[in-house]
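Listed below, chain by chain, are the residues.
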Amino acid sequence: MDSERDEYHPDFGQLPKSKGVPRGLLITVGIGLVMIFLIAAGVVLLSGYGHMWPSMTTLREHVK
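Rules behind the numbers
Position labels on residues start from 1 in each chain and follow its written sequence. Reporting in this predicted model follows two pLDDT cut-offs: at least 70 for local features of residues, and 80 or more for side-chain atom pairs to be given and counted; totals over whole chains, interfaces and linings ignore these cut-offs and use all residues. Water and hydrogen atoms play no part in the side-chain values, which are based on all heavy atoms of the structure. We count a stretch as a helix when DSSP gives it H or I for four or more residues in a row; a strand needs E for two or more, and each element gets its number in order from the N terminus. The classification of residues rests on relative accessible area computed with a 1.4 Å probe and restricted to protein chains. Under 20% of the type maximum is buried, over 50% is exposed, and intermediate values are partly exposed. Using a 1.4 Å probe, the Shrake-Rupley method yields the accessible areas, and only the shown protein chains count as cover for residues. pLDDT is defined as a per-residue confidence score from the predictor, taking values between 0 and 100. Nonpolar side chains (Val, Leu, Ile, Met, Phe, Trp, Tyr) within 5 Å and like charges within 9 Å form the patches, drawn only from residues with over 30% relative accessible area and no salt bridge. Definition used for salt bridges: Asp or Glu carboxyl oxygen within 4 Å of a side-chain nitrogen of Lys or Arg.

**Here's the deal with the overall build of the chain**
Summing up its helical and strand segments, the chain has two helices and two strands in all. Along the chain direction, N to C, the helices and strands of the chain fall in the order α-β-β-α. The buried share of the chain, taken over its 64 residues, is 2%. Surface accessibility of the chain: about 6,900 Å² in total, with carbon and sulfur atoms responsible for 67%.

Okay, here's the thing in structure tokens:
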């Protein structure tokens, strides 16, 4: 009897039932998450490109 009361609303009649989350949305979210991790991995792996440590110019003392 409680389930009948939950499904019917006196002002609106029969309440619609959810069909759940569409499969296409789940696939899109999954692809988006994979892309985020791939971009982050690329940033981390390429962050040292073109950098030399310690820099030769930072170790020099200027002569006055």
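**Quick look at the confidence of the model for the chain**
The predicted structure's coordinates, where accompanied by low pLDDT, should not be read in detail. The pLDDT averaged across the chain works out to 80; a share of 67% of its residues lies at or above 70. Confidence, expressed as mean pLDDT per element, reaches its minimum in the chain at helix α1 (residues 2-7) with 57 and its maximum at helix α2 (residues 23-46) with 96.

**Side note on a nonpolar patch on the surface**
Taken together, the side chains of V21, L25, L26, V29, L33, I36 and F37 define a hydrophobic patch exposed on the protein surface, amounting to about 720 Å² of accessible area. By the secondary structure assignment, V21 is in the loop between β2 (13-14) and α2. Residue V21 is classed as exposed on the basis of its relative accessible area of 52%.

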